Amino acid sequence: MKIFNTLTRKKEEFVPIEENKVSMYVCGPTVYNYIHIGNARPMICFDTVRRYFEYKGYEVNYVSNFTDVDDKIIKAANEEGVSSEEIAERFIKECKKDMEGMNIKPATTHPQATKEIDGMIDMIQNLIDKGYAYKVEDGTVYFRTRSFKPYGKLSHKNLDDLQAGHRDIKVTGDLKEDDFDFVLWKPKKEGEPFWESPWCNGRPGWHIECSVMSKRYLGDTIDIHAGGEDLIFPHHENEIAQSEASNGKEFARYWMHNAFLNIDGVKMSKSLGNFKTVRGISEMYDLQVLRFFMLNAHYRSPLNFSADLMEAAKAGLERIKTAAEKLASVKTEGEMTAEEKTLFDESQNFVTKFENSMDDDFNTADAIAAIFEFVKFINSNVSSDSTKAFADALNKRLHTLTDVLGLIIDKEEEILDSDIEALIEERQNARKAKDFARADEIRNELLSRGIVLEDTREGVKWKRA
Ligand code: AMP
Ligand code: ZN
């Protein structure tokens, strides 16, 4: 099994630290809003990596954090006049709903930064004791970047070249010894959440969170650390510096980074107004379509989101679902015929092709091509005269492959108009009784079955997504 390692810029054979086990840390979202479809890319890609390891018999310890203290969260909280905690808890909940819709397995552990402050204080103190960090007058603690000699090894940057070119990486604060030093702990400002520490009442810097949560749940050295490519520098570079300086051990053996998702060829950003949330997409498509769309590209290739490509993904997924439906409809009892047995053995080729693609740095695009060849094979070799034994065996094989990709291919029975209307009425009654939790639950239940509600002046309207 080969993985492209950002550290060496090479595809390397995967050798786990402990036989048959994988420890994996994936940087998760900052929870100040609904997640956008860019955030969904690492979630889908690395969930698929996890699923493939599990398929191969590995036990995966998968840790993915929520960054729940951050300037953006504080800003959102102040705008709404609520606490940061309320914002973070709300959007963690919403994020988990989106993850469920995309069939992303919950992590073994989903740590939250605000619940790990003690560990951060310990690591920062340890870095100060070892001379890798220092406190300045206002209570800020900085990492002394130049004291960590291998700094730059992940991003392949050299501090002296950076000094000449980039002034923009400078972090504000006049008190630090060097431009490249970064914050480990910062003093609180008015109206911000804070914790007590030996240096000042304040809060941690972003990078220290991941070093500490990775160590706590996975140990000093882990197999894989992953995230979007924007995190390579400075976030992951800084994580390496903190962890390796503090623990005296290699931090992560393989570094995996997904490329970016753009929209209609342009970078997705709030200011351009081309920002799409997963929740918004769920009102137009089953989120399985979004997952399938993402996996149609290799995780290291930039991916463009467009209505046309989503329609193509929808049609592609439908073809696979139709094949599964056809297999499930075969009813002829009896044992597989000799000819069917030969055909079934032949279909192992698609599994081999699928595995070869996934073994090659998780090439999901080629793995999906193998599934499509399998679908074509099913369409040409299965008819209502086939035995149920043959159809079931093929269907099981097809499901094994689609499960690795986290795709749900069984068609859900369509919900009847009368049932939708009954649920809408129940929701109206719940609202009248001020039972908003139940009202939301009904709305979400309908949404998960592809029904979108719109509250208008004339009453509630609904449509099928
Ligand atoms: P953030 O909430 O910005 O810290 O991002 C959470 C995760 O989403 C990180 O792994 C980012 O690298 C990733 N990410 C953010 N935007 C995009 C994008 N447009 N395409 C792919 N990954 C992204
Ligand atoms: Zn991180």
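The coordinates are above.
Residues numbered from 1 in each chain as written. Chains lettered and ligands numbered in written order. Predicted model: local features only at pLDDT ≥ 70, side-chain atom pairs only at ≥ 80, totals over all residues. Heavy atoms only, no water.

**Q** I would appreciate a short explanation of the coordination of the zinc ion (ligand 2) in the present structure.
**A** Each donor-metal-donor angle would ideally measure 109.5 degrees in four-coordinate tetrahedral geometry, or 90 or 180 degrees in six-coordinate octahedral geometry. Within the protein, the zinc ion (ligand 2) binds to Cys27 (SG), Cys210 (SG), His235 (NE2) and Glu239 (OE); these donor distances fall in the range 2.1 to 2.7 Å. Each donor residue of the zinc ion (ligand 2) belongs to the same chain, and together they define the spacing C-x182-C-x24-H-x3-E. Linking Cys27 in the loop between β3 (21-26) and α1 (37-55) with Glu239 in helix α7 (residues 232-247), this pair joins segments that are 212 residues apart in sequence. For the pair formed by Cys27 and Glu239, the shared burial category is buried. (Donors = N, O, S within 2.8 Å, 3.2 Å for Na, K, Ca; no water. Helix = DSSP H or I, 4+ residues; strand = E, 2+ residues; numbered from the N terminus. Buried < 20%, exposed > 50% of the residue type's maximum accessible area, 1.4 Å probe, protein only.)

**Q** What's the story with the site of ligand 1 in this structure? I'm lost.
**A** Around ligand 1 there are 16 residues in total, and Thr30, Gly38, Gly228, Asp230 and Leu261 lie nearest to it. A distance of 3.0 Å separates an oxygen atom of ligand 1 from a polar backbone atom of Thr30. With respect to ligand 1, the backbone of Gly228 contributes an N or O atom lying 3.0 Å from an oxygen atom. Burial of ligand 1 by the surrounding chains reaches 89%, relative to a free accessible area of 490 Å². Put simply, the parts of the chain that give the shell around ligand 1 at least two residues each are α1 and β9 (222-228). The element best represented in the shell around ligand 1 is α1, accounting for three residues. Residues that form the shell around ligand 1 fall into these classes: seven nonpolar, eight polar and one charged. (Near = heavy atom within 4 Å. Polar contact = N/O pair within 3.5 Å; in protein donor to acceptor, adjacent residues only side chain to side chain. Areas by Shrake-Rupley, 256 points an atom, 1.4 Å probe, with all protein chains shown as cover. Nonpolar A, V, L, I, M, F, W, Y, C, P; charged D, E, K, R; others polar.)

**Q** Explanation requested: the pairing of strand β2 (residues 10-13) in the structure shown.
**A** If a strand is regular, its side chains alternate between the two faces of the sheet. Direction of pairing for strand β1 (residues 2-5) relative to β2: antiparallel, over a ladder of four bridges. Residue pairing for β2: Ile3 is matched across the bridge by Glu12. Taken together, β1 and the strand that follows it, β2, pair antiparallel across an intervening segment of four residues, in which Arg9 is found at a positive phi of about 55 degrees. (Pairing = 2+ DSSP bridges.)

**Q** Can you help me understand the side chain of His257 in this one?
**A** With respect to the element layout, His257 can be found in strand β10 (residues 252-258). Within the structure, the side chain of His257 is placed 2.8 Å from the side chain of Thr6, a separation counted as a polar contact. Among the polar contacts made by the side chain of His257, one reaches the side chain of His236 at a distance of 2.8 Å. Excluding its chain neighbours within four sequence positions, the residues that come into contact with His257 are Thr6, Phe46, Leu154, Gly227, Gly228, Glu229, Ile232, His236, Tyr299 and Arg300. (Contact = heavy atoms within 4.5 Å.)

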